[in-house]
Amino acid sequence: MKSPFLVAGAGIGGLAAALALARKGIPVDVIEQAAEIKEVGAGIQFGPNGFRMMDRLGLRDAVNHLAVFPDDLILMDGVSAEEITRIHVGQAFRDKFGYPYALIHRADLHSVLLKAAEESGLVRVHAGQSLERFEDDGERVIVATREGQRYEGQALIGADGLWSKVRQAVIGDGKPRVSGHIAYRAVLPIEKVPEQYRKNAMILWAGPKNHLVQYPLRGGELFNLVAVFHSDRYDEGWDAEGEREELFKRFANNCETVKTLLGKIDTWRMWVLCDRDPIEKWSDGRVTLLGDAAHPMLQYLAQGACMAIEDGVILADMVMSSGGDLPSAFNNYQEARHLRAGRCQVTARLYGEFYHADGVKAKLRTQMLSGRTAEQAYE
Ligand code: FAD
């Protein structure tokens, strides 16, 4: 058996990379710090680019089965309750981009990847093992975990997320940038949502220094809410318990629909949103990065997970075409990826400004975004 690739992190990106390598016949050891391999209970918007990658991994039908396909992506003014713009994502959109726009429960997407990786027979996932350090001796990489295990492989992929230890060793650029934006997320059974608010659409209610996103999940059984606001009160917090009162204070000037929807949830989880500036190189010898470890972005384009999956698939392609020269495969991979991912990092910040605009800026936003076509919005 060939020496395996090592992947640090069994998130969406790490599992996509592991599966993509396995599909090429390469064995992979995935090292995951959590004792249980799972994703958070929240929704994810999944653009056609993410869908295309899942198709390449042989998972098109599995995703089709789990996803909700909205009719529209709608931007509403979260104060006046007027529609700003509506992008149809029906058949014409699918024809144009080759794949649909989907809404998926993160846990479903994650378990589809995990199941396929395990069924490949080439991926071993080691839960409860936290990468502490590694050494690249030019021929192999040796990883040591905090729990005292040692793993050896032909290369290491750091898919260990926003606070990546692998990134610290490869790039050493300190902590990610705290954006001052806080996300509260919750999922509730659809029966708890009054009939008039149930739409087969992703709706974003843009308010001053806040916004609320709503959409259905899992065949319409569930309803996903993401509430975002500006605050300098927090400098950390990831999947932590959110404060309901704080949320209501931040959305006090929003329209009734927004307040009614917020009122349907008793328990919120909170994320302090962080990102980084784009970089050009994130590989060193037999070690590289992907997903949030390489290019963490704010979620305003709904592209972080899609980019992580794209990374995994392209990385495996580059490994196959490199004739065994892994340092050059990793250079080609980052060359192919950094501008595309960097564009998302930069544009996501801009969209955050648009969504949270106030006064004249809000009027400008309406003027600039109203009447945009799917091509303009999603190219
Ligand atoms: P992660 O999902 O963070 O996975 C990293 C994994 O590494 C984790 O399992 C972690 O436990 C493990 N790990 C960490 N350190 C170690 C270590 N030392 N050793 C071993 N394992 C380790 N993206 C979209 O495409 N669409 C959306 O709609 C969308 N909405 C979002 C909404 C919010 C509020 C947020 C915060 C993000 C959103 N994203 C969205 C972005 C998306 O969630 C991330 O970009 C994506 O999950 C990144 O995947 P990843 O595998 O790179 O990292």
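Keep in mind it's a predicted model, so treat the numbers as computed, not measured.

Analysis parameters
Residues numbered from 1 in each chain as written. Predicted model: local features only at pLDDT ≥ 70, side-chain atom pairs only at ≥ 80, totals over all residues. Helix = DSSP H or I, 4+ residues; strand = E, 2+ residues; numbered from the N terminus. Rg over C-alpha atoms; globule rule 2.2 N^0.38 Å. Buried ≥ 20, exposed ≤ 12 C-beta atoms within 10 Å, placed from the backbone. Contact = placed C-beta atoms within 7 Å. Near = placed C-beta within 6 Å. Nonpolar A, V, L, I, M, F, W, Y, C, P; charged D, E, K, R; others polar. Expected span 1.5 Å × (residues − 1). Pairing = 2+ DSSP bridges. pLDDT = per-residue confidence, 0-100. Axes fitted to C-alpha atoms, helices over the stretch in contact; angles between N-to-C directions. Parallel < 35°, antiparallel > 145°, perpendicular 65-115°, else oblique. Left-handed = near helix turned anticlockwise from the far one by under 90°. UniProt positions renumbered as here; feature names shortened; annotations may be inferred. Core = buried A, V, L, I, M, F, W, Y, C linked by C-beta atoms within 7 Å.

> Would you mind going over the overall build of the protein with me for this structure?
Broken down by element type, the protein carries 12 helices and 18 strands. In terms of C-alpha radius of gyration, the protein reaches 21 Å, essentially the compact-globule figure of 21 Å for 379 residues. Based on the C-alpha atoms only, the size of the protein along its principal axes is roughly 60 × 45 × 35 Å. For the protein, the residues scored as buried account for 46% of the 379 residues in total. Considering only intrachain contacts with a sequence separation of at least 6, the fraction spanning at least 24 residues in the protein is 75%.

> So what exactly am I meant to see when it comes to the site of the ligand here?
Close to the ligand lie 35 residues, the nearest being G9, G11, G161, G291 and G304. Elements represented by at least two residues in the shell around the ligand include exactly α1 (12–23), β2 (28–32), β3 (43–46), β12 (177–189), β17 (269–275) and α9 (304–320). The biggest single contributor to the shell around the ligand is α9, with 4 residues. Here the residues of the shell around the ligand are counted per class, giving 18 nonpolar, 12 polar and 5 charged.

> Teacher, can you tell me more about α9 here?
Since one α-helical turn is 3.6 residues long, residues separated by three or four positions face the same way. Here α9 is 17 residues long and its end C-alpha atoms lie 25 Å apart, about the 24 Å a rise of 1.5 Å per residue gives. A large share of α9 lies buried, amounting to 14 of its 17 residues.

> Help me understand the pairing of strand β6 (residues 102–105), please; the structure alone is not making it clear to me.
Walk down a regular strand and you will see the side chains alternate between the two sheet faces. Burial along β6 is two-sided: the face carrying A102 and I104 and the face carrying L103 and H105 are both buried. Bridging between β3 and β6 involves 4 bridges; their strand directions are antiparallel. Its bridge partner being in β6, Q45 is matched across the sheet by L103.

> In this structure, what is going on with the confidence of the model for the protein? I would like to understand it.
Atomic detail in the predicted coordinates should be set aside for any region of low pLDDT. Per-residue confidence for the protein gives a mean pLDDT of 94; residues scoring 70 or more make up 98%. For this predicted complex, the interface confidence reaches an ipTM of 0.99, while the overall pTM sits at 0.96.

> Just checking my understanding: could you explain the packing of α1 against helix α5 (residues 106–119) for this structure?
Two packed helices can be described by the angle between their axes and the distance between those axes. Contact geometry for α1 and α5: axes closest at 9 Å, N-to-C directions at 30 degrees. Between α1 and α5, the angle is such that the two are roughly parallel. In the packing of α1 onto α5, the handedness of the crossing is left-handed. The residues of α5 that touch α1, namely those facing I12, L15, A16, A18, L19 and A22, are L109, H110, L113, L114, A116 and A117. Among the residues making up the contact of α1 with α5, the classes are represented as 11 nonpolar, 1 polar and no charged.

> Could you clarify how one ought to interpret unusual backbone geometry in this entry?
Most peptide bonds are trans, and most residues other than glycine sit at a negative phi. A positive phi angle is found at R218, which is not glycine, with a value near 45 degrees. Tracing the sequence through the fold places R218 in the loop between β14 (210–217) and β15 (222–230). The phi dihedral of D239 is positive, around 55 degrees, even though this residue is not glycine. By the C-beta count within 10 Å, which is 12 here, D239 ends up exposed.

> I tried to follow the sheet that holds strand β10 (residues 150–153) on my own but got confused; where do I start?
Strand pairing within a sheet occurs via backbone hydrogen bonds; the two strands may be parallel or antiparallel. Within the open sheet, the 3 strands sit side by side as β8-β9-β10. Their pairing is antiparallel. With partners counted over all chains shown, the strands left at the sheet margins are β8 (131–136) and β10, one partner each. For this sheet the average axis-to-axis angle between neighbouring strands, irrespective of direction, equals 20 degrees.

> Even after reading the chapter, I still don't get the UniProt feature "domain: FAD-binding" (unreviewed entry) in the protein, so can you show me in this structure?
In the UniProt entry, the feature "domain: FAD-binding" (unreviewed entry) is given for residues 5–341. Here residues 5–341 is 31% helix and 31% strand, with 23 Å between the C-alpha atoms at its ends.

> Would you mind showing me how to read the pairing of β8 here?
Of the pairings in the sheet, the one linking β8 to strand β9 (residues 141–145) comprises 5 bridges and is antiparallel in character. By the bridge assignment, R133 is partnered in β9 with A144. Here β8 hands over to β9 after 4 residues, with G138 in that stretch at a positive phi of 95 degrees.

> Just to check I follow, could you spell out α5 for this structure?
With 14 residues, α5 should reach 20 Å at 1.5 Å per residue; the first-to-last C-alpha distance of 20 Å fits that figure. Turning to α5, its buried residues number three or more, namely R106, L109, H110, V112, L113, L114, A116 and A117. Tucked into the core, α5 has its buried residues touching α1, β3, α3 (60–66), β6 and β7 (123–127). Positive phi appears at G121, one or two residues downstream of α5, with a value of about 80 degrees.

> Looking at this structure, how should I read the sheet that holds strand β18 (residues 287–289)?
Taken in spatial order, the 5 strands line up as β7-β2-β1-β11-β18 in an open sheet, and their pairing is parallel. Of all the strands in the sheet, the pair left with one neighbour each is β7 and β18. Neighbouring strand axes in the sheet, compared pairwise and without regard to direction, differ in orientation by 20 degrees on average. Bridge count for strand β1 (residues 5–8) against β2 is 4 bridges, and the pairing is parallel. Paired with L6 across the bridge in β2 is D29.

> Sorry if this is basic, but what is going on with the nonpolar core here?
Generally speaking, soluble globular proteins have nonpolar side chains that are buried together. One finds A17, A18 and L19 to be the most contacted residues of the largest nonpolar core, which totals 118 residues. If you tally residues by element for this core, the top one is α9, at 10 residues. Those residues in contact with L19 that lie beyond four places of it in its chain are L57, L113, A116, A117, S120 and V123.

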